[in-house]
Every structure is written in C-alpha cells, then in structure tokens.
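Structural description and commentary
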Amino acid sequence: PIPIYFPVKMANADGDPRLGDDHEIMYEKPIPVPEEQLPLKLPDMKRFEPGEDPQGCLARAVDWRYFQDEEGNWFARETNTMPQWAGSCWYYLRFIDPLNEEAAWSLQADEDWMPVDLYVGGQEHATLHLLYSRFWHKVLYELGLTKHKEPFQKLIHQGMILGADGEKMSKSRGNVVNPDDVVDEHGADALRMYEMFMGPLEATKPWQTSQVSGVVRFRDKVHSVATYDKIEDVEAQGDWDPDLLKIMHKTIKKVSADIESLSFNTAISALMVFSNALQAQMKADKAIPKQSVESLVLLTSPFAPHLGEECWSLLGHTDSLAYHPWPSFDEKLCIDSTVKIGVQVNGKVRGDMEIEKDASEDAARDKALALPRVAEFVKDKEIKKFIYRPGKIVNIVVGK
C-alpha cells in the first residue's frame, strides 16, 4: 500500500470508526508512515474482490485501516495500493544493481550503466510506462539519486502486427495468430525471422502465414551450407572466388550496419543473397571456404540463435559462437569496380549493361552499341549524339 495515513475526525469523541460510528477522514492532511515502520505489512484477508467501496478491498480490513495513537486520536491508513508502475517506472535502475542490499542502486552503478542506450516499446507505452518512468526519473534526478537528467537516450516504437485481414488482432474478429502454433509447425527461429523480415521495425504490418515459408527456406539453406561436404580451410583470401569474397565482405558490412540501425528486414535480405551465392558454389560442385560459411552462421545467429548454434557445432566448434568475435570486413572489397547502367536510344531505355565505373566514353560506346536491342534501334541510322554519364546512363540520339 501507499505508506501514508490521515487524521480521523469523530462526530462523537467516544466513537469507534471500526464499528461504523460517524467520522470523517481528513484526506487533505496526509501523514507519511515513519521510516522505521516500513515496510508496512498488509493484513491477512480471505476476500480480495473490489466490492462497491472505491477505497478498495483493504477498506474492509477495518482493524488494520483504523488505529489510535498514544493520546487516543484516530487515524486511517491509505487503502489504495501502488499500481504496478510504482515498480516498473524505475526497474531499469534496480536492474543495474540488483544485488545491492544497502540501496536500490548505487551512484557508481548509475555512473557505469546509465542512461539506457535504447528503449524499444509500442505506441501504448508512450502514455503509460515511458511517460511515467520519465517523470519518476526527473524526481530522482532532483533528489540527487542519479546524475543523468534523462533516463533513455534513444526511443524506437515498434509497429503493430495486424491480422491477415489488415485489422488489429482480436478474438471477436477471429484474426488472432497464436505464435505457439507457428513455433510448433516451423520452429522459434522461423517465427522470429519472419517477424523481423516482414518490414521496417517501426511499420504496422499485416501477418501473412503463407509467407513464413520464405524464411523457412532460408533457414534450411543455411543449414545445408553448413553441412556441405566440400568446405575447406582457405587461409589466403586471394585464393577465393573473387565474387564470393566480395559478397561476403559486403554482407558483413551491410548486416553490421543494419543491426545498429535496427533495419532487421534488410539485414535478413542481405543474408539471403549471401546464402544464395554459397548455394550457387555448391550446385557447381565447387569447394567453399570455411570462413565464408562461418561468417554466414555468425551473421545469421542474432536472428536465428538456435540455427546459429547448431550450424556452429556442425562446423566443428565445441564452444558457443557467442564467444567468437563478430566478423570484420575490408572496405576495399565492399566497393564495386563495375556498375549496371541503362542504355537509352532517343530517351527510351532499350537495354542495360555492366561496365567499369571509370570506363572511358569509347569503351561505353562500344559496349552499348553491341547490345542486340540497342543495335536494332540504331541500325542504318545516323548517330547524332552519344551522351555518356559515367556510372549512371548512356543515351544515344539517332536520326529518323
């Protein structure tokens, strides 16, 4: 209960409020329970239903609620209990120092751990937990119990997952998806990955059970790569397939950045591209470097931890992948030396071509005119102008 009590004014000086004698509780004069009497113990009760009294079920415990001081003055305890927010509003502070028996948290723990780097919560939290916890924190700051003015450095509101009909899930609409059913059929990793793959974290998205199969296929591809019988230790990356080497480094860079920005859907998409590249090597019956498979497993593990640990073990490791460093990338290998650009004839796209980023105009001209569709529209016509924007586009202007 809230540890305060109030004076009671009796209509009859000899009256007893516990017996229902006329009295008035003076709520305008709250008195805090002395610190040495804390914590205030609740009475033993058999009935906890609210009843008609707005003061709550504790109001029925009259022997506990009303008491007298040494001078015979009557008082009434507060019967409203603290809501759950009384604890959840500052749980993050206790979390940083949970074993402290002398204080809720120490100033050193506050110095070491606060403020919270990232707060993720739904829109409902904006007017409930987030608002109240920030209010409590401001009070704690003014009391000198924390040195930080704000409790949270960054706030992200995750979007709501709707039913397949695009409406908010509810039993009355019959559109509720039980995650246990998805886990039973496809596993927890598939459920977790699909929720992240559905779209941006902040977006509101409709659930589509039929699309779970997409991440299931990806999960199975990762497992098949980890069990491939031609995984070899290739220490010198110069001996790798150059395309595979580049896509691995690009994927490490992309996934690392996307995790930091909470762009989980695009991170998983990049992993799918990487797994396809490894599968292409397998279909060609080529050996694949062990480091590339390990990188795929490590990058996948935050999204599918069970899959990650299983594949890590299959690769011959006896310890958890959680103890292995995160993969690093070479920035030079993340830069494409070629680029795909469109080729227009009189302003209309007639094809595209892969070309060196710094290709000369003559090289671009030769390659563009060699495209069958372009040649069809240029044939027997005078080329009046050849416009080349390196890395962007080619436009050939021909006469009629």
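It is worth spelling out the sheet that holds strand β13 (residues 348–356) at this point. A sheet is described by the order of its strands in space; here four strands give the open sequence β13-β12-β15-β14, paired in mixed fashion. In the strand order of this sheet, the two ends are held by β13 and β14 (383–389), each with one partner. Here the strands of the sheet are splayed against their neighbours by 20° on average, with no regard to which way each runs. As defined by bridge partners, strand β12 (residues 338–345) adjoins strand β15 (residues 393–398) across four bridges and the pair is classed as parallel. Note that in β15 the partner of Val 345 across the bridge is Ile 396.

Turning to the pairing of β12, a few remarks are in order. As paired elements, β12 and β13 share eight bridges and run antiparallel to each other. Bridge assignment links Ile 341 to a residue of β13, and that residue is Met 353. Counting the residues in the hairpin turn of β12 and β13 gives two residues, including Asn 346, whose phi is positive at 55°.

Looking now at the side chain of Asp 258. Mapping Asp 258 onto the fold places it in helix α9 (residues 242–260). Only 3.2 Å separates the side chain of Asp 258 from the backbone nitrogen of Ala 267, close enough to count as a polar contact. If we ignore the near neighbours within four places in the chain, the residues touching Asp 258 are Ser 263, Phe 264, Thr 266 and Ala 267.

Moving on: the packing of aromatic side chains. Summed over all chains, the structure comprises ten aromatic pairs. Consider the rings of Tyr 194 and Trp 207, whose centres lie 4.8 Å apart with planes at 90°: the pair is edge-to-face. With Tyr 194 in helix α7 (residues 188–197) and Trp 207 in the loop between β9 (205–206) and α8 (212–226), this pair connects stretches of sequence that are 13 residues apart. Ring centres 6.2 Å apart and planes at 70° place the aromatic pair Phe 264 and Phe 303 in the edge-to-face group. With a gap of 39 residues between them, Phe 264 in helix α10 (residues 264–283) and Phe 303 in the loop between α11 (290–300) and α12 (305–314) connect regions that are remote in the sequence. Like Phe 264, the residue Phe 303 is buried in the burial classification. Taken together, the ring pairs connect Tyr 91, Tyr 92, Tyr 119 and Phe 152 into an aromatic cluster. Residue placement shows Arg 77 over the ring face of Trp 64; its charged tip is 5.6 Å from the ring centre. It is Arg 77 that lies over the ring of Phe 67; its NZ or CZ is 4.4 Å from the centre.

We now examine the packing of α11 against α12. Viewed as axis vectors pointing N to C, α11 and α12 meet at an angle of 155°, and their least axial separation amounts to 8 Å. Accordingly, the angle class assigned to the pair α11 and α12 is roughly antiparallel. Along this stretch, α11 crosses α12, giving a crossing that reads as left-handed. Along its contact with α11, which presents Glu 294, Val 297, Leu 298 and Thr 300, the element α12 presents Leu 307, Gly 308, Cys 311 and Trp 312. Tallied by class, residues from the contact of α11 with α12 come to five nonpolar, two polar and one charged.

Let us now look at the layout of surface pockets. By volume, the largest pocket amounts to about 270 Å³. Every residue lining the largest pocket is listed: Trp 90, Ala 103, Ala 104, Trp 105, Ser 106, Leu 107, Trp 136, Val 139, Leu 140 and Leu 145. The greatest single-element share of the lining of the largest pocket, amounting to three residues, is contributed by helix α5 (residues 129–142).

This part takes up the environment of Arg 365. By the secondary structure assignment, Arg 365 is in helix α13 (residues 361–369). Taking the C-alpha atoms as reference points, Arg 365 and Ser 275, 90 residues apart in sequence, are found 36 Å from one another. Other than its neighbours up to four places away in sequence, Arg 365 contacts Ile 383 and Phe 386.

Their axes nearest at 7 Å, the elements α7 and α12 cross at an angle of 125°. By the angle between their directions, the pair α7 and α12 is classed as oblique. From α7, Ala 188, Asp 189 and Arg 192 reach across to α12, where they touch Pro 305, His 306 and Leu 307. Residue composition of the contact of α7 with α12, by class: three nonpolar, one polar and two charged.

With that out of the way, let us pick up α10. Given a rise of 1.5 Å per residue, 20 residues ought to cover 28 Å, and the 28 Å separating the end C-alpha atoms of α10 matches this to within 8%. Where α10 terminates, the next one or two residues include Asp 285, which has phi positive at roughly 60°.

This next bit is on unusual backbone geometry. Here the residue pair Leu 38 and Pro 39 is connected by a cis peptide bond, since its omega of 0° sits within 30 degrees of zero. On the secondary structure map, Pro 39 appears in the loop between β3 (31–32) and α1 (62–65). Here the bond from Met 114 into Pro 115 is cis, since omega is -5°, no more than 30 degrees from zero. Position of Pro 115 among the secondary structure elements: in the loop between α4 (107–113) and β6 (119–121). With phi around 60°, Leu 262 is a residue other than glycine that occupies positive phi space. With respect to the helices and strands, the residue Leu 262 is situated in the loop between α9 and α10. Owing to a relative accessible area of 12%, Leu 262 belongs among the buried residues under this scheme. Positive phi is not limited to glycine here, since Asp 285 has a value of about 60°.

Definitions and cut-offs
- Residues numbered from 1 in each chain as written.
- Predicted model: local features only at pLDDT ≥ 70, side-chain atom pairs only at ≥ 80, totals over all residues.
- Heavy atoms only, no water.
- Pairing = 2+ DSSP bridges.
- Helix = DSSP H or I, 4+ residues; strand = E, 2+ residues; numbered from the N terminus.
- Axes fitted to C-alpha atoms, helices over the stretch in contact; angles between N-to-C directions.
- Polar contact = N/O pair within 3.5 Å; in protein donor to acceptor, adjacent residues only side chain to side chain.
- Contact = heavy atoms within 4.5 Å.
- Phe/Tyr/Trp six-rings, centres within 6.5 Å; stacked < 30°, edge-to-face > 60°.
- Buried < 20%, exposed > 50% of the residue type's maximum accessible area, 1.4 Å probe, protein only.
- Lys NZ or Arg CZ within 6 Å of the ring centre and 35° of its normal.
- Parallel < 35°, antiparallel > 145°, perpendicular 65-115°, else oblique.
- Left-handed = near helix turned anticlockwise from the far one by under 90°.
- Nonpolar A, V, L, I, M, F, W, Y, C, P; charged D, E, K, R; others polar.
- 1 Å grid on protein atoms, 1.4 Å probe; cavity = no way out; pocket = protein on both sides within 12 Å on 5 of 7 lines; lining within 4 Å.
- Points joined across faces, edges and corners; volume = space filled by probe spheres on them.
- Expected span 1.5 Å × (residues − 1).

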